[in-house]
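For reference, the chains in residue letters:
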Amino acid sequence: MKKTTTLVLALVMAASLVLTGCGKTEQPAEGGSAGSETGGSQGGTIKIGVLTPKTGDLAQYGMAVENAAKLAVKEANDAGGINGMTVELVIYDNEGDATKSVNLFNRLIENDKIDALLGPVISGTSLAVAPLADEAGIPMITPTGTNEDITPDYPYVFRACYIDPYQGQIMGKFASENISAKTAVVMVNVGSDYSVGLGKNFKVSFEEKGGSVLAEENYTDSDTDFKAILTNIKAKNPDVVYIGDYYNAVGNILSQAKEIGLDAQFLGSDGWDGVQVDYIDVAEGGFFTNHYSTKDTDPVVQNFIKNYTDTYNETPNALAALGYDGALILMDAFRNAGSTDKEAVLEAIRTTDLNGVTGHITFDELGNPIKDISIIKIQDGDMVLETKLSE
Amino acid sequence: MTQFIQQMINGLHVGSIYALIALGYTMVYGIVKLINFAHGDILMVGAYVGFFALTAFNLPFGLALLAAMVLSALLGMAIDKVAYKPLRNAPRISALITALGVSMFLQNTFRLLFGANPRKMPAVFNVQPILLGDLRIPPLTIITILLSGACMVGLELIIRFTKTGKAMRGVSEDSKAAKLMGINVDRTISITFAIGSALGAVGGILYSISYYQVEPYMGMMPGLKAFVAAVLGGIGVIPGAMLGGFVIGGVESFTKGYLSTTWADAIVFSILILVLVFKPSGILGKNTKEKV
């Protein structure tokens, strides 16, 4: 008796899982209708699946990528489509969850029969989908998954953003060559892979260029008091201090540095984007690496910013820029391949040579983009593009 | 040498905050034999009240501090009434678990209300630091130390010279005998919670001004470290809590300065273990025999 009840319960639960799974993902293909209205559909459609977190904590990221991808597709369709074909986006909300992403990916290839995948957005979900996309032979570009392990083992998988170590490397080069720093201290949040990777690569690259790293000061996520280590750093009197971390920790560190009178040149990573909200006064004069700058005068960038702002009434952030570039790379590949044949498209992505919003993009053999990094300077309470650098 | 003194000043700064928070632990323990693990979160609540008073209501610092103290005191009394009082005669472990529950309740309520993103505490004492040769003493540090000192002296005076203070001492010595002497035990416990929480709120505001951020989980670490300070000084002993606070602050600062930041927490918490193994009554604790 007990056994049958359990069995029935289990079945009910399984059924409800399947049902809710379907119910939640029922969504019209949004880019498609817009595309077919604008013509260019005589040659059929190219279907690009998009997996992005539209709800939950990461909704902001997801919406930025989705909006940007829609914009890119609309522009392409308005201009007559790709080789006479209309591009259609099939967008699903993966809620930033790996399991959901896998289910939705299966749905994309089985039901929607997509030709390529844009997404998932964050590293965790991208890691889950990458092997499946590779196995299914679907070219995939994650716009913003920065984790190193997403692409190397899977020939079909690419990304539009650069990986974390690359930022550290470029900042090391900038410190040494552009601002002639001789000595540096690296601050590393040992509780964060992001920070550790950045610090390590900054150090290697800075020392390669002839600089010397006087010390590596470690801290953890739970630290709020940085005065002790900042006092140490002050005593060493370095030219630059590199902090690869997110803006809340950075703001706190910079505030305390000012308090104890440490006036070295501070350098950072894309996690600094956001420091302008609360800490602009203490961050003044700092440099950090970022994916793109809204102050970039490149017409590709300014066009994108204008069109995005006109459509969505907000300035696009770096995620939007990467989402846009991800869509551009895919569409460019379809154009160059001249068909939707997966092998041809894959080859076309490999040989990408494209001017995107986030820089001039080509790919290395691991599926990582080789492109410029924008160095942003915080000046007079504003984020100014200092220079664009690549390796 | 300058660096040594500078680290010592850093240590005094954070130590005086720990001492303030430790007082709340030790007072409550002294009187109801309860480790009030929700104390760290009361300091978080105090910091939030201070934050809104300073930003949304544009109150001057003194008033913001007062508002935070009053509201936290009321919250402390309410928590005692709702969560601890019904368990006064239950086994101690039940009250301890309840305290953990209250702590989680407060953290998650505030996360729900104000989000998990840290808010930036405005810089209140934004004046030039005092320079003594190479030494640099931020005014915030001086104010923190002075304010903490004033609170401790005030508390000592209350306990030593007022009737309420006498009642508190009486209840902590023997609550049954105190009751027989006509002391209102429940009211005394309530006042103890109020004073402890108000001091916690001062600690919370000073902590959030020193480290610029207010967030729902901010009370955990300083709360735990203050608890270590209270145990180190001798839990239940008020001067012990102050001493413990300064020692922990110093140890932390010197570890960070001369060893490594990653070791600081490990060393602070091994102090707790060492004290519990070798001198459970703490530095200033009396070695009282357990009454059977």
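Reading the values: rules and limits
Residues numbered from 1 in each chain as written. Chains lettered and ligands numbered in written order. Predicted model: local features only at pLDDT ≥ 70, side-chain atom pairs only at ≥ 80, totals over all residues. Heavy atoms only, no water. Helix = DSSP H or I, 4+ residues; strand = E, 2+ residues; numbered from the N terminus. Buried < 20%, exposed > 50% of the residue type's maximum accessible area, 1.4 Å probe, protein only. Patch = residues over 30% accessible without salt bridge, like charges linked within 9 Å, V, L, I, M, F, W, Y side chains within 5 Å. Areas by Shrake-Rupley, 256 points an atom, 1.4 Å probe, with all protein chains shown as cover. Salt bridge = Lys/Arg side-chain N within 4 Å of Asp/Glu carboxyl O. UniProt positions renumbered as here; feature names shortened; annotations may be inferred. Contact = heavy atoms within 4.5 Å. Expected span 1.5 Å × (residues − 1). Bend = angle between axes of the 7 residues up to and from the residue. Phe/Tyr/Trp six-rings, centres within 6.5 Å; stacked < 30°, edge-to-face > 60°.

Turning to unusual backbone geometry, a few remarks are in order. Residues and elements named next belong to chain A. Here the amide bond leading from G119 into P120 is cis, since omega sits at -15°, within 30 degrees of zero. With respect to the helices and strands, P120 occurs in the loop between β3 (116–118) and α5 (123–136). Of note in this structure, K113 is not a glycine but carries a positive phi near 50°. Among the structural elements, K113 can be located in the loop between α4 (98–110) and β3. Among the residues examined, K113 registers a relative accessible area of 56% and is labelled exposed.

Further remarks concern a nonpolar patch on the surface. All names here are of chain B. A cluster of nonpolar side chains, contributed by L63, L66, V70, L71 and L74, occupies part of the molecular surface with about 450 Å² of accessible area. Position of V70 among the secondary structure elements: in helix α3 (residues 61–84). Given the relative accessible area of 44%, V70 is considered partly exposed.

UniProt marks residues 45–381 of chain A with the feature "domain: Leucine-binding protein" (unreviewed entry), using the numbering shown here. Each end of residues 45–381 of chain A is marked by a C-alpha atom, and these two atoms are 47 Å apart; helix forms 45% of the span and strand 20%.

We now examine the UniProt feature "transmembrane region" (unreviewed entry) in chain B. All names here are of chain B. When the UniProt feature table is mapped onto this chain, "transmembrane region" (unreviewed entry) is found at residues 12–35, 47–75, 96–117, 137–159, 189–214, 226–251 and 258–278. As annotated, residues 96–117 comprises 86% helix and 0% strand, and the C-alpha atoms at either end are separated by 29 Å. When the span residues 189–214 is considered, its composition is 88% helix and 8% strand, and the gap between its end C-alpha atoms is 29 Å.

Residues and elements named next belong to chain B. Topologically, S148 is positioned in helix α5 (residues 139–161). By relative accessible area, S148 is classed as buried at 0%. Leave out the neighbours within four places in its chain, and S148 touches S16, I17, L20 and L206.

Looking now at α5(A). Residues and elements named next belong to chain A. Taking 1.5 Å per residue as the helical rise, α5 with its 14 residues ought to reach 20 Å, and the 20 Å between its terminal C-alpha atoms agrees with that figure. Where α5 bends most, at V129, the angle is about 35°, and the proline P131 comes one to four residues later. Residues of α5 that are buried include every one of S123, T125, S126, V129, A130, A133 and D134, and no others. The inward-facing, buried residues of α5 abut β1 (45–52), α4, β3, β4 (140–142) and β5 (157–159).

With that settled, consider the packing of aromatic side chains. Under the counting rule described, the total for this entry stands at 24 aromatic pairs over all chains. Ring centres of F158(A) and F363(A) lie 5.1 Å apart, and the angle between their planes is 65°; on these two criteria the pair is classed as edge-to-face. Of the two residues, F158(A) is situated in strand β5 and F363(A) in strand β12 (residues 359–363); the sequence distance between them amounts to 205 residues. Ring geometry for F52(B) versus F114(B): centroids 5.0 Å apart, planes at 45°, classification tilted. In this pair, F52(B) sits in helix α2 (residues 39–55) while F114(B) sits in helix α4 (residues 92–114), placing the two residues 62 residues apart along the sequence. Owing to a relative accessible area of 26%, F114(B) belongs among the partly exposed residues under this scheme.

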